[in-house]
Each structure stands twice: as structure tokens, then as C-alpha cells.
Amino acid sequence: MRIIHVAVIAMLVFAAAYVYRIKMESTVRTEKVLQLHAEVRKEREAIAQLRAEWAKLDAPGRLQGLAERHLKLKPINARQFDQLKNLPERPPSIVNPGDPDPIASMIEKIDPDMITGSLPVSEAAH
């Protein structure tokens, strides 16, 4: 009978040790989770601070002041525009309207199976 009592006591001690180990592991994991939450909160605060700083740096008034201070820009006067009749003549066209597309012919020399959209009229009707 004593052996049974000793075995039961040993099992109770083993069970208590096992439960204590589980409790300690859960405590360690809880602390790790809390530490991760704190790190996430810290990173979110850093992101919010960086966004606020970016908004300050990107403010239109600040950029306008910097542009006026550092760039030599002048406002456009209406006198800077000219009439359409004073524009130079359009340069002559290199390709006549009835001639085949020169770029398509170059591509066809490289890859004859590629479709470029410049098909002759007889093939386009099919």
C-alpha cells in the first residue's frame, strides 16, 4: 500500500511541476506578446511622427517660399505669346501618305510573323 501512496505522491508532484512549467511558459509568452505590442506601438508613433514631418515639409506655402527664394522663376506675361500665323511652316513629311509604314517594314524584316497593324488593304479585308 505504501508503494501506491508513494506512486500517487510522485504523480502529484510530477503533475504540479508540469502545471508550473506550463504556467511559466505562458507567462513568458505573455511578456513576449506585451513586448511586441509595445514595439508595434512605438513604430506606429514613429510613423505618425514621420508623416507629420513630411506634411510639414510638403506644405504648399513652404514650397512656394523655397521656390521664390532659390529659383529664378518669373511670372508669365501675356506678351510672351504669339499669334498662330507667325508660327513657322510645318516641315515636309518624310513618308508619303500612300507609302507603307517604314517602321513596320523594319520590324517585318526582323520578325516576319509579328503583326504590326500595317497590313496591306487586301489582307486587312479578310
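Residues numbered from 1 in each chain as written. Predicted model: local features only at pLDDT ≥ 70, side-chain atom pairs only at ≥ 80, totals over all residues. Heavy atoms only, no water.

## Quick notes on the overall build of the protein
The secondary structure content of the protein amounts to 4 helices and 0 strands. Mapped in sequence order, the helices and strands of the protein form the string α-α-α-α. In the protein, which comprises 126 residues, the share counted as buried stands at 1%. Total accessible area on the protein stands at roughly 12,900 Å², and carbon and sulfur atoms take up 64% of it. (Helix = DSSP H or I, 4+ residues; strand = E, 2+ residues; numbered from the N terminus. Buried < 20%, exposed > 50% of the residue type's maximum accessible area, 1.4 Å probe, protein only. Areas by Shrake-Rupley, 256 points an atom, 1.4 Å probe, with all protein chains shown as cover.)

## So, the confidence of the model for the protein
Of all residues in the protein, 87% have pLDDT values of 70 or greater, and the mean over the chain is 84. Per-residue pLDDT, averaged within each element of the protein, yields its smallest value for helix α4 (residues 121–124) (50) and its largest for helix α1 (residues 2–57) (95). (pLDDT = per-residue confidence, 0-100.)

## Regarding a nonpolar patch on the surface
A cluster of nonpolar residues, Met1, Ile4, Val8 and Leu12, forms a patch on the protein surface that exposes about 460 Å² of accessible area. Residue position: Leu12 is located in helix α1. (Patch = residues over 30% accessible without salt bridge, like charges linked within 9 Å, V, L, I, M, F, W, Y side chains within 5 Å. Salt bridge = Lys/Arg side-chain N within 4 Å of Asp/Glu carboxyl O.)

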